[in-house]
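What follows is the residue order along each chain.
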Amino acid sequence: MTETATVPTEPPKLSVTGRGASTGQWRGRRVWSYWRFYLALSPFYILFAVFGLYPMLSTIVLAFQRWDGLSARRFTGLDNFRFLVEDPTFWLALKNTVVLFLMSTVPTLAIALVLAVMLQSAVRFTNVYRIAYFIPNVTSLVAMAIFFGSVFSTNFGLVNAALRSLGIAEQDWLGQPWGIKIAISTMIVWQWVGYNTLIYLAGLQAIPKDQYEAAKVDGAGPVRTFFSITLPQLRPVVLFTVVISTIGGLQTFTEPQVMVGNSGGTGQSGMTVVLFFYRAAFLDNDYGYAAAIALSIFLLVLLFTAINWRIFRGRSEAR
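Analysis parameters
- Residues numbered from 1 in each chain as written.
- Predicted model: local features only at pLDDT ≥ 70, side-chain atom pairs only at ≥ 80, totals over all residues.
- Heavy atoms only, no water.
- Helix = DSSP H or I, 4+ residues; strand = E, 2+ residues; numbered from the N terminus.
- Buried < 20%, exposed > 50% of the residue type's maximum accessible area, 1.4 Å probe, protein only.
- Contact = heavy atoms within 4.5 Å.
- Areas by Shrake-Rupley, 256 points an atom, 1.4 Å probe, with all protein chains shown as cover.
- Salt bridge = Lys/Arg side-chain N within 4 Å of Asp/Glu carboxyl O.
- Phe/Tyr/Trp six-rings, centres within 6.5 Å; stacked < 30°, edge-to-face > 60°.
- Lys NZ or Arg CZ within 6 Å of the ring centre and 35° of its normal.
- Core = buried A, V, L, I, M, F, W, Y, C linked by side-chain atoms within 4.5 Å.
- Expected span 1.5 Å × (residues − 1).
- Arc of directions from axis to C-beta.

So, on to the overall build of the protein. Helix and strand counts for the protein stand at 14 helices and 2 strands. With 319 residues in all, the protein has 34% of them scored as buried. For the protein, the proportion of contacts with a sequence separation of at least 24, taken over those separated by at least 6, is 65%. For the protein, the accessible area works out to roughly 20,300 Å², and carbon and sulfur atoms hold 67% of it.

Attention shifts here to the pattern of salt bridges. The full count for this structure, using the stated rule, is 3 salt bridges. When the shortest N-O distance is used, the salt bridge between Arg66 and Asp286 registers 3.5 Å. Of the two residues, Arg66 is situated in strand β1 (residues 65–66) and Asp286 in the loop between α13 (273–283) and α14 (287–318); the sequence distance between them amounts to 220 residues. In this structure Asp286 comes out as buried when scored by relative accessible area, which is 17%. Measuring nitrogen to oxygen at the nearest pair gives 2.4 Å for the salt bridge that ties Glu170 to Arg164. Take Arg164: its relative accessible area is 41%, and that puts it in the partly exposed class.

Next up on the list: unusual backbone geometry. Comment: phi is negative for the bulk of residues other than glycine, and the bulk of peptide bonds are trans. Although it is not a glycine, Gln268 sits at a positive phi angle of roughly 55°. When you line up the elements, Gln268 lands in the loop between α12 (254–260) and α13. Assessed through its relative accessible area of 23%, Gln268 is described here as partly exposed. Positive phi is not limited to glycine here, since Asn285 has a value of about 55°.

The subject of this paragraph is the packing of aromatic side chains. In this description, an aromatic ring pair is defined by two values, namely the gap between the centres and the angle between the planes. One pass over the structure, following the stated rule, counts 17 aromatic pairs. A ring pair is formed by Phe44 and Tyr45, whose centres lie 5.2 Å apart and whose planes are at 75°; its orientation type is edge-to-face. Pair check on accessibility: Phe44 and Tyr45 agree, each one exposed. Taken together, a centroid distance of 6.3 Å and an interplanar angle of 15° make the contact between Phe44 and Phe48 stacked. Of this pair, Phe44 and Phe48 both sit in helix α2 (residues 35–62), 4 residues apart, roughly one helical turn. Its relative accessible area of 55% is what places Phe44 among the exposed residues. Within the aromatic cluster, the residues linked to one another by ring pairs are Trp67, Phe253, Tyr278, Phe282 and Tyr287. Directly above the aromatic system of Trp67 lies the positively charged group of Arg73, at a separation of 4.5 Å from the ring centroid. The ring of Trp178 carries the charged tip of Lys181 above its face, separated from the ring centre by 5.6 Å.

Glancing now at the nonpolar core. Of all hydrophobic cores here, the largest spans 20 residues; its most connected members are Leu84, Leu250, Val273, Phe276, Tyr289, Ile293 and Ile297. Sorting the residues of this core by element identifies α4 (88–121), α13 and α14 as the ones contributing at least two each. Among the elements that line this core, the one with the most residues is α14, at 7 residues.

To continue, consider helix α5 (residues 126–138). Look at α5: 19 Å from first C-alpha to last across 13 residues, which is about the 18 Å you get at 1.5 Å a residue. Turning to α5, its buried residues are Thr126, Pro136 and Asn137. Along α5, the residues classed as buried sweep out an arc of 120° about the axis, all on the same side. Along α5, the residues that are exposed and aim more than 90 degrees away from the buried face are Asn127, Val128, Ile131 and Val138. If you follow the buried residues of α5, they end up packed against α4, α6 (141–151) and α8 (177–205).

What follows is the structure, given as structure tokens:
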């Protein structure tokens, strides 16, 4: 009985065109198979497009136009930005914004870090302290501005009452440039200390306890332990709080607007860039110029955020 050898046949070859078409159809069917997930995510993108993307693009276009809100828009090119650079009120508002940012952000983060370390070492009533620190952050901003306006009042303010009890002359806090800045920065510090304290406290709880035990065995004191272990381990958290505080501090508006009015108080010392934007848009009805101010605020926040990020990241890489 003889066996017949069978020659293996080659599988049919698919043409390049046919294979590409089948692959494309398969990918298309695969994309459409997830339509339920895309549908579930669609509300976010729709809301972002309507209330985020469209206003952003509209502001950029409006910055190159002249419009009072009623008449037809008129293209003016770079005139709004040229006038912005030449406007002394804008530079005064920019200076006030930076000064208020430094007067409020630096003390806020420093006090918050100290409170977080103290709260970390507390044994009793820890949750009570956490709630007490966070209450100012959820309180109405307008109500707090009215309250602090009363605290720094010339005739009946608590601050001047304390000065009188100490035999110190009263101060017209809301009637002089530096008094206005001190009042506004004090309110900002009081509002945001608790929030940053809880952020730092969360970062402290993530630090391994064995590092502190090893430092204690080596004879390191509290100050050495803080600067050698606590602060280096908290660097990412500190970077986060600095960036968030920078974004919020450069957009200060409600505090000066309620405490000293739309004019910025004496010598316009409370005039911030956002308050200047509000006055140009809703009081002067110059929406094109207000759009140019809004873009300048965006660039200012972006610049300061990049500087802070570069400083902290550079120090981290150097270590």
